[in-house]
Amino acid sequence: MADQSLAELGAELRRMREEAGLSGSEVARSIGWSQPKLSRIETGRFGASLHELALLLDFYGVAEEVRAELLARTARRGELGGAWVVRAGGSRRRQSEVGAVESRVERLQQYQMATIPGLLQVPAYTRAVAAAMGLADTDAIAERRAERQADFRSRDAVPYEVVLDARALTRWPGLDSVMVDQLSHLTALDQQHLVLRVLPDGSGAQAVAMSSFLIYTFPNEQPAVVMSEAQTADLYLSDEGDVAAFRGLFERLVNEALSVEETQAYLRRRLRSLRNRSDHDGEDRRGQ
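Every value quoted in this text rests on a predicted model; they were computed, and no experiment measured them.

**Digging into the confidence of the model for the protein chain**
A residue-level look at the protein chain finds 85% of positions with pLDDT of 70 or above and a mean pLDDT of 83. Mean pLDDT across the elements of the protein chain bottoms out in helix α6 (residues 90-95) (40) and peaks in strand β3 (residues 160-165) (96). A low-confidence stretch, residues 90-102 stays under pLDDT 50, and its non-local contacts, those more than four residues away or across chains, total 47 contacts.

Structure, rendered in structure tokens:
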């Protein structure tokens, strides 16, 4: 990465800190650095390592797609190749109330296996997922998630394509009422820039994904990045061959999934079934 690129990255990090209302000394003290070290990174005189950048991004709680882009820049500068793993930020990244930094992502594709994607969650579902993960302060996590959703919706026409595995709709955290709210939300979403498809269960699989993943596409010929989030670490891939493989896998999953119209019908059936079950359970409790 050229000196100018280091300066641009440092300026973005400084903007993140200032938007969080933090001084350089506060940040440095909190993460165990010296203030001069942070200053050198912010002014572009010193390039942060991948680990150091990940630590800062976790602390500032930046949007996931911004994290992917900036880590990719640093990985390329450090000649780490097209694959790297960084430890997940845990509750700090998921609880941060820092406003999301404007992202330059121009397309987002996501395959989600076990839960509703974060950008499509309702607060009750977010709190239930956070509690099931053993995270503290679930209200703060839900508030932060809502801010991320609002930020993403405010951007100009960012295409967002989701293939949602049906298993995420048959096993959920919390009470049935949580999933009733979540399904109601999914059936009411504006489909103008969101393309949501459900991958049905109970059929022979023509495409198999080993884990959930996101594909971030950036403008200006910046390499795309694939991110797979695990419980304690995030895997990033930017090698052209890896990205092409995931793009091909996503297209096969799309082809196997229900259409947008079929997906909405499927979601409405699930919602009716769950509401009927909840009503029946309520009548049984009243009859006891």
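**A short note on the packing of aromatic side chains**
One pass over the full model with this rule turns up 4 aromatic pairs. Ring geometry for F213 and F246: centres 4.9 Å apart, planes at 70°, overall edge-to-face. Residue F213 is located in strand β5 (residues 213-217), and its partner F246 is located in helix α10 (residues 240-256); the two are separated by 33 residues in the primary sequence. Since its relative accessible area comes to 1%, F213 is described here as buried. Residue F246 is classed as partly exposed on the basis of its relative accessible area, which comes to 21%. The lysine or arginine in question, K37, covers the ring of W33, its NZ or CZ lying 4.5 Å from the ring centre.

**So, helix α3 (residues 35-42)**
Looking at α3, one finds that the buried residues are K37, L38, I41 and E42. Looking down the long axis of α3, one finds its buried residues gathered within 135° of arc, a one-sided arrangement. Taken from the residues just after α3, G44 is the one with a positive phi, measuring 80°.

**Considerations on the side chain of S228**
Following the sequence through the fold, S228 ends up in strand β6 (residues 225-229). A relative accessible area of 14% means that S228 is categorised as buried. A distance of 3.0 Å separates the side chain of S228 from the backbone oxygen of S212, its partner in a polar contact.

**Brief notes about the pattern of salt bridges**
Counted by the stated rule, this structure contains 8 salt bridges. One salt bridge connects D139 with R127, and the closest N-O pair in it is separated by 3.9 Å. Separated by 12 residues along the polypeptide, D139 in helix α8 (residues 138-154) and R127 in helix α7 (residues 123-132) bring together distant segments of the chain. R144 serves as the salt-bridge partner of E147, at 3.8 Å between the closest nitrogen and oxygen. Taken together, the residues E147 and R144, both in helix α8 and 3 residues apart, mark about one turn of the helix. Of the residues examined, R144 reaches a relative accessible area of 4% and is grouped as buried.

**What to know about unusual backbone geometry**
You will see that D137, though not glycine, has its phi angle at about 55°, which is positive. Turning to its location among the elements, D137 is positioned in the loop between α7 and α8. Of the residues examined, D137 reaches a relative accessible area of 46% and is grouped as partly exposed.

**Regarding the environment of F218**
Here F218 is to be found in the loop between β5 and β6. A relative accessible area of 4% places F218 in the buried class. Put simply, F218 and V105 are 113 residues apart on the chain and 4.7 Å apart in space, counted from C-alpha to C-alpha. Filtering out sequence-adjacent residues up to four positions away, F218 remains in contact with E65, E69, R104, V105, E106, P223 and V225.

**Quick look at the nonpolar core**
One finds L120, L169 and L186 to be the most contacted residues of the largest nonpolar core, which totals 64 residues. Residue contacts for L120: discarding those within four places in its chain leaves Q149, Y160, V162, Q182, H185, L186, L189, L194 and L196. Membership of the second largest hydrophobic core comes to 17 residues, among which are A207, F213, L249 and F250.

Basis of the calculations
Every chain begins its residue count from 1, and numbering advances along the sequence as written. At least 70 in pLDDT is required for a residue's local features to be given in this predicted model, at least 80 for side-chain atom pairs to be given and counted, and no such filter applies to totals for whole chains, interfaces and linings, which use all residues. Only hydrogens and water are set aside; all other atoms, that is, all heavy atoms of the structure, feed into the side-chain values. pLDDT: the predictor's confidence for each residue, scored from 0 to 100. The helix count covers DSSP runs of H or I at least four residues long, the strand count covers runs of E at least two residues long, and both are numbered beginning at the N terminus. Note on contacts: a residue pair qualifies if any of its non-hydrogen atoms lie within 4.5 Å across the two residues. Pairing of aromatic side chains requires ring centres within 6.5 Å, counting the rings of Phe and Tyr and the six-membered ring of Trp. Pairs whose planes differ by under 30 degrees are stacked, by over 60 edge-to-face, and all others tilted. The cut-offs for exposure are 20% and 50% of the maximum accessible area for each residue type, with area from a 1.4 Å probe on protein chains only; residues under the lower value are buried, those over the upper are exposed, and the others partly exposed. In this analysis the charged atom, NZ for Lys or CZ for Arg, is taken to sit over a ring once it is within 6 Å of the ring centre and within 35 degrees of the ring normal. In this description, the arc belongs to the directions extending from the helix axis to the C-beta atoms. Pairs of N or O atoms within 3.5 Å make up the polar contacts considered here, provided that, within protein, one atom can donate a hydrogen while the other can accept it, and that residues adjacent in sequence are counted only when both atoms are side-chain atoms. The working definition used for a salt bridge is a side-chain nitrogen of Lys or Arg within 4 Å of a carboxyl oxygen of Asp or Glu. The criterion is simple. A nonpolar core is a set of buried Ala, Val, Leu, Ile, Met, Phe, Trp, Tyr and Cys residues joined through side-chain atoms within 4.5 Å.

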